[in-house]
2 protein chains.
Amino acid sequence: MNHSSKDIDHSLDPTVNDFMPGISVDNVIFGFHDQQLKVLLLECADQEHWMLPGGYIIKTESVNDAAKKVLTARTGLSEVYLQQFGVFGGLERSTPEVVNDFLKAMKVDAEKFSWHLERFITIGFFALVEFQKVNPKPDAMSLSCQWFDFHNLPKMIFDHSDLVDEALKTMRVQLRHQPIGYNLLPEEFTLKDLRTIYETILDRKIDRANFNRKMLSLGILHKKEKLFTGGAHKAPYLYSFDKSAYFAMLKEGFGLGF
Amino acid sequence: MNHSSKDIDHSLDPTVNDFMPGISVDNVIFGFHDQQLKVLLLECADQEHWMLPGGYIIKTESVNDAAKKVLTARTGLSEVYLQQFGVFGGLERSTPEVVNDFLKAMKVDAEKFSWHLERFITIGFFALVEFQKVNPKPDAMSLSCQWFDFHNLPKMIFDHSDLVDEALKTMRVQLRHQPIGYNLLPEEFTLKDLRTIYETILDRKIDRANFNRKMLSLGILHKKEKLFTGGAHKAPYLYSFDKSAYFAMLKEGFGLGF
């Protein structure tokens, strides 16, 4: 199964001893744009299927570093919030049918991908990135790298749509006990901007007054100038996150509060 | 690296093709007894080190099933709450020093364990079990299986004490947005019993009145008879969990509540 070093192209043919066998990482990269939550996906060679940005784990790198490397390669960003949200280790994700569909979508022959015909476990990560700052870049296996509204995801390979669902579910639960927004919003924002993020992720309307009261009570927001809108008396205030309070709360969580 | 089938003893020598290479599962099994949170550990052959109940993943079983199998084998229980809490995939957990310490603690020679000299990633699970129902049973590699107070854990192999810390941290955060107690308490219990669990896991005192008010407001408790203590007027009420409300809340979480 060893190839001579001449033959090795890690990104195209990971049939090499450099990788941990049977394990991959996959990143669900969320961005926020036009009042919508977006997910960054890669286009497969068949122009029909899409996949999550992912990769393998080199034996000499940590699992978290492998995921970070993928995130940086696809977005151009480093120093981004990236979090494990689960291991996908069911047998149904590596059946011959699933693997065949994968090979067809990738337009590669089975022999070149024999390494991937074995059972695979993937470790799911999700990241929250500032949409404007991302420079989407396809990998060597894909035709393009694009954002999709999470309500309108295209056909995806493997269990990748399950991974998006699960990442979203994790984010929704965390939303209830951890602050969110730091990586998704610009430096200054209105309470409405922040509420829109919550409404988008939760996929429902939230009472404005209730939201504002609870958000302000957390002590993680600094009030800034009013937003310049022309009609100053009606203009909403801008806010920024108190970074140290925000990150302390990210660690601690809030909740019942006893 | 293949052994003939005669030589194969899966539990003692997993140098076989039946397992996913380079991945293990480890379970942090929590029980509650004598007002203390306990962790179930296995005694290594050197009588000095202890380890978490763990195992490898057979190629034809899911990751979650592998973890369940370990839990059932060590406790005698099935149908127990078991949850992934993280992948431990750093390089520092597989250095030659770490592996040598492991081999010494297990009193096995390196040749027999060549499979484990490769880099290993482990998937951490935690379980909450009813202490009284557990029948601790060592595995083929260990001398005994015993409960330890989480404040007084013995010397452990690998990064297993980090796994306990991380499981506890996860449980502490979840405590703030999900109900807890169902698997840790008998059918009927007092609010004091429930509060003791929270105090034990959070490792601090909680205001009684505040706790009772918030707990009762969740709508997951049924009030039962008074506890028989002899002096009926002072006796506390017994409660049981409303299972459907409890499990709905386990899924949904509580929190800011907008």
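Here the structure is a predicted model, which is why all the values come from computation and not from measurement.

What follows concerns the overall build of chain A. What chain A contains, in helices and strands, is six helices and nine strands. Its C-alpha atoms put chain A at 70 × 40 × 30 Å along the principal axes. For chain A, the proportion of its 258 residues judged to be buried stands at 54%. Long-range pairs, those at least 24 residues apart, make up 72% of the contacts in chain A between residues at least 6 apart in sequence.

Turning our attention to the packing of aromatic side chains. Residues and elements named next belong to chain A. If you walk through the whole model with that rule in mind, you get 30 aromatic pairs over all chains. Each ring, one from F30 and one from F126, has its centre 6.3 Å from the other, and the planes form 65 degrees; the classification is edge-to-face. Of this pair, F30 sits in strand 1 (residues 19–33) while F126 sits in strand 6 (residues 121–129), and the two are 96 residues apart along the sequence. F126 matches F30 in its accessibility class, with the two residues each being buried. Among the aromatic residues, ring-to-ring pairing joins Y182, F189, F241, Y246 and F247 into one connected group. The ring of F158 carries the charged tip of R93 above its face, separated from the ring centre by 5.9 Å.

All names here are of chain A. In terms of domain boundaries, chain A breaks down into domain 1 (5–174) and domain 2 (191–252). Relative placement of domain 1 and domain 2: their C-alpha centres are 32 Å apart. At the junction of the two partners, domain 1 supplies nine residues and domain 2 supplies seven residues. Here domain 1 packs against domain 2, burying approximately 730 Å² in sum over the two surfaces, 68% of which is carbon and sulfur. Looking only at domain 1, the three residues that lose the most surface to domain 2 are F32, Q35 and R172, adding up to 57% of its buried area. Where domain 1 touches domain 2, the interface holds zero salt bridges. If you look at where domain 1 meets domain 2, you find two residue pairs in polar contact (both at pLDDT 80 or more). Mapped by element, the contributors of at least two residues to the side of domain 1 that touches domain 2 are strand 2 (36–43) and helix 3 (160–175). Each residue belonging to the side of domain 1 that touches domain 2 can be placed in one class, and the counts come to five nonpolar, three polar and one charged.

With that out of the way, let us pick up unusual backbone geometry. Residue and element names in this part refer to chain A. Of note, the phi angle at K107 is positive, near 55 degrees, even though the residue is not glycine. Note on placement: K107 falls in the loop between helix 2 (96–106) and strand 6. The class for K107 is exposed, based on a relative accessible area of 62%.

A few words on the relation of the copies chain A and chain B. Note on the identical chains: chain A maps onto chain B by a rotation of 180 degrees and an axial translation of 0.0 Å, with an RMSD of 0.0 Å. Accordingly, the operation relating the two chain copies is best matched by a two-fold axis. Take the interface residues of chain A: 100% of them recur as interface residues in chain B, which is what a same-surface contact looks like.

Criteria and cut-off values
- Residues numbered from 1 in each chain as written.
- Chains lettered and ligands numbered in written order.
- Predicted model: local features only at pLDDT ≥ 70, side-chain atom pairs only at ≥ 80, totals over all residues.
- Heavy atoms only, no water.
- Helix = DSSP H or I, 4+ residues; strand = E, 2+ residues; numbered from the N terminus.
- Buried < 20%, exposed > 50% of the residue type's maximum accessible area, 1.4 Å probe, protein only.
- Contact = heavy atoms within 4.5 Å.
- Phe/Tyr/Trp six-rings, centres within 6.5 Å; stacked < 30°, edge-to-face > 60°.
- Lys NZ or Arg CZ within 6 Å of the ring centre and 35° of its normal.
- Domains from an automatic or database assignment.
- Buried area = accessible area lost by both parts, 1.4 Å probe.
- Salt bridge = Lys/Arg side-chain N within 4 Å of Asp/Glu carboxyl O.
- Polar contact = N/O pair within 3.5 Å; in protein donor to acceptor, adjacent residues only side chain to side chain.
- Nonpolar A, V, L, I, M, F, W, Y, C, P; charged D, E, K, R; others polar.
- Least-squares fit on C-alpha atoms with pLDDT ≥ 70 in both.

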